[in-house]
Amino acid sequence: MNPFIYQSLPTRVVFGWGKLSALAEEIERLGARRALILTTPEQQGLGEQVAALLGERAAGIYPKAVMHVPLEVAQAARVEAARLDADCCVAIGGGSTIGLGKAIAMDSGLPIVAVPTTYAGSEMTPIYGLTENRLKKTGRDSRVLPKTVIYDPQLTLTLPAQISACSGMNAMAHAVEALYAQDANPIIGFMAEESIRSLAQSLPGVVDNPEDPDARAQALYGAWLAGICLGSVGMALHHKLCHTLGGTFNLPHAQAHAIVLPHAAHYNREAAAGPLQRAARALGGSEASEVGALLYALNQKLGIPLALEDIGFPANGPAEAAQIACASPYYNPRPFEQAPIEALLNRALKGQAPA
Ligand code: NAD
């Protein structure tokens, strides 16, 4: 057995249908009394429900979270938290809203109670992102890791089928890459496999009937495990490519993840044959060489748009993105090779199956 290091995340997790009702109790448990509630403009109504639920423990609502945490939005939210004398943040929404909570925590140390309503996984990671002058900087800081996470599958019923599918494949990517991460370990391996299995089994049901409570609960469970994977071990080729597609080409986060994943996994099929065989089994296959095709077929089944050109990636994008990725690579089991990566991106551009 290879040597390994495993450190568990200290976050308290409350999981269950209707568990939003435990929010006041969880805030109290942290010794907090004045919660600033964060949402996107689209989810402001949900923020108001939360404020009603919290009564006098709600200090105010800040409904201005947007994708990629622009610095000016973060600064305005920090000022609002100080003005309202908030002693904790409740971030209810997807990765964008939780990202705003992290930006406040990084500056003030305010504890975060995260209530995720997508499958992105940010709530389980100490990773923050801030965008300044169109450049997104990311880093790790233990202060931004939420103290408590409430997973209430009921809150995901309103997430549209298409967004659910892409967000679920975003989670799947965290789990697949965790299997072959540089610092992979046996516990995270178990979680990754269970996550892949849960997501693969539940997402088709979510897409068929977005209000299916069992499929929603299983998908959120898989997303939680994927979030732990992302928060616990390092990333590799897939995440590097997606960060390039998001950062330089401004492609939508979850869709880019869904489209690239089959290709990135296929690229690593020989160098990470053992880990990817586990992924193949969790996806209903048997061999590492099948993983790309299995993930591609799952994307098809979920009705996800398969071509990067349909979500804004230009025809000359593959060459530039491959060059950027190879100029500052992440760890990957197979070295970053510019020509094969460009070829991989060309197939993804056109929506072709990995080859
Ligand atoms: P998002 O948070 O931007 O949400 C997308 C849209 O869906 C928003 O309008 C939101 O209000 C809406 N929405 C969310 N939940 C809903 C629900 N249940 N019903 C109806 N509408 C709902 O999207 P995301 O994919 O969750 O997050 C993407 C962002 O998170 C990116 O900026 C990404 O970089 C970041 N992220 C960070 C980490 C990390 O560890 N730091 C991990 C994953 C993602």
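Residues numbered from 1 in each chain as written. Predicted model: local features only at pLDDT ≥ 70, side-chain atom pairs only at ≥ 80, totals over all residues. Heavy atoms only, no water.

> Would you take a moment to explain the overall build of the chain for this structure?
What the chain contains, in helices and strands, is 13 helices and 8 strands. The C-alpha atoms of the chain give a radius of gyration of 20 Å, which matches the 20 Å a tight globule of 355 residues would have. Once the C-alpha set of the chain is aligned to its principal axes, its extents read approximately 60 × 40 × 40 Å. Classification of the 355 residues of the chain by burial places 56% in the buried group. Across the chain, contacts joining residues at least 24 apart in sequence account for 74% of those joining residues at least 6 apart. Entry remark: accessible area of the chain is about 14500 Å², with carbon and sulfur atoms responsible for 50%. Here the chain carries 26 positive and 31 negative side-chain charges, and the mean point of each set is 4 Å from the other. (Helix = DSSP H or I, 4+ residues; strand = E, 2+ residues; numbered from the N terminus. Rg over C-alpha atoms; globule rule 2.2 N^0.38 Å. Buried < 20%, exposed > 50% of the residue type's maximum accessible area, 1.4 Å probe, protein only. Contact = heavy atoms within 4.5 Å. Areas by Shrake-Rupley, 256 points an atom, 1.4 Å probe, with all protein chains shown as cover. Lys, Arg positive; Asp, Glu negative; His and termini not counted. Charge placed at Lys NZ, Arg CZ, Asp CG, Glu CD.)

> Looking at this structure, how should I read unusual backbone geometry?
With glycine set apart, most residues show a phi of negative sign, and most peptide bonds adopt trans. The phi dihedral of Val69 is positive, around 45°, even though this residue is not glycine. Within the fold, Val69 resides in the loop between strand 3 (58–62) and helix 3 (71–83).

> Honestly, the pattern of salt bridges in this entry has me stumped. Any pointers?
When the charged atoms of two side chains with opposite charge come close together, those side chains can pair. In the structure shown here, the tally under the stated rule is 10 salt bridges. Taking the shortest distance from any N to any O, the salt bridge between Glu26 and Arg12 comes out at 2.8 Å. Pair noted here: Glu26 is in helix 1 (residues 23–29) and Arg12 is in strand 1 (residues 12–15), with a separation of 14 residues, a long-range link. By relative accessible area, Arg12 is classed as partly exposed at 32%. Measuring nitrogen to oxygen at the nearest pair gives 2.5 Å for the salt bridge that ties Glu28 to Arg57. Taken together, the residues span a long stretch of sequence, with Glu28 in helix 1 and Arg57 in the loop between helix 2 (44–54) and strand 3 at a distance of 29 residues. One connected set of salt bridges, linked through shared partners, spans Glu193, Glu194, Arg197 and Arg278. (Salt bridge = Lys/Arg side-chain N within 4 Å of Asp/Glu carboxyl O.)

> Please clarify how the domain arrangement of the chain should be interpreted in this entry.
Split into domains, the chain comes out as domain 1 (12–156) and domain 2 (161–350). Centre-to-centre, using C-alpha coordinates, domain 1 lies 26 Å away from domain 2. Together, the buried faces of domain 1 and domain 2 total about 1700 Å²; carbon and sulfur atoms form 68% of this surface. Taken as a group, Phe15, Tyr119 and Met124 account for 37% of the area that domain 1 buries against domain 2, more than any other trio of residues on that side. If you look at where domain 1 meets domain 2, you find 0 salt bridges. For the interface between domain 1 and domain 2, the tally reads 5 residue pairs in polar contact (both at pLDDT 80 or more). (Domains from an automatic or database assignment. Buried area = accessible area lost by both parts, 1.4 Å probe. Polar contact = N/O pair within 3.5 Å; in protein donor to acceptor, adjacent residues only side chain to side chain.)

> Please clarify how the nonpolar core should be interpreted in this entry.
Inside soluble globular proteins, nonpolar side chains tend to come together where they are buried. Formed by 77 residues in total, the largest nonpolar core has its most connected members in Tyr119, Met169, Met172 and Ile196. Ranked by the residues each element gives to this core, the list is headed by helix 5 (residues 161–179), at 10 residues. When residues are assigned to domains, this core turns out to be shared by domain 1 (12–156) and domain 2 (161–350), each giving three or more. Excluding residues that lie within four positions of it along the chain, Met172 makes contacts with Ile196, Leu199, Ala200, Leu261, Leu283, Leu295 and Leu298. Counting residues in each nonpolar core, the second largest holds 24 residues, with Ala256, Ala321, Ala322 and Leu349 among its members. (Core = buried A, V, L, I, M, F, W, Y, C linked by side-chain atoms within 4.5 Å.)

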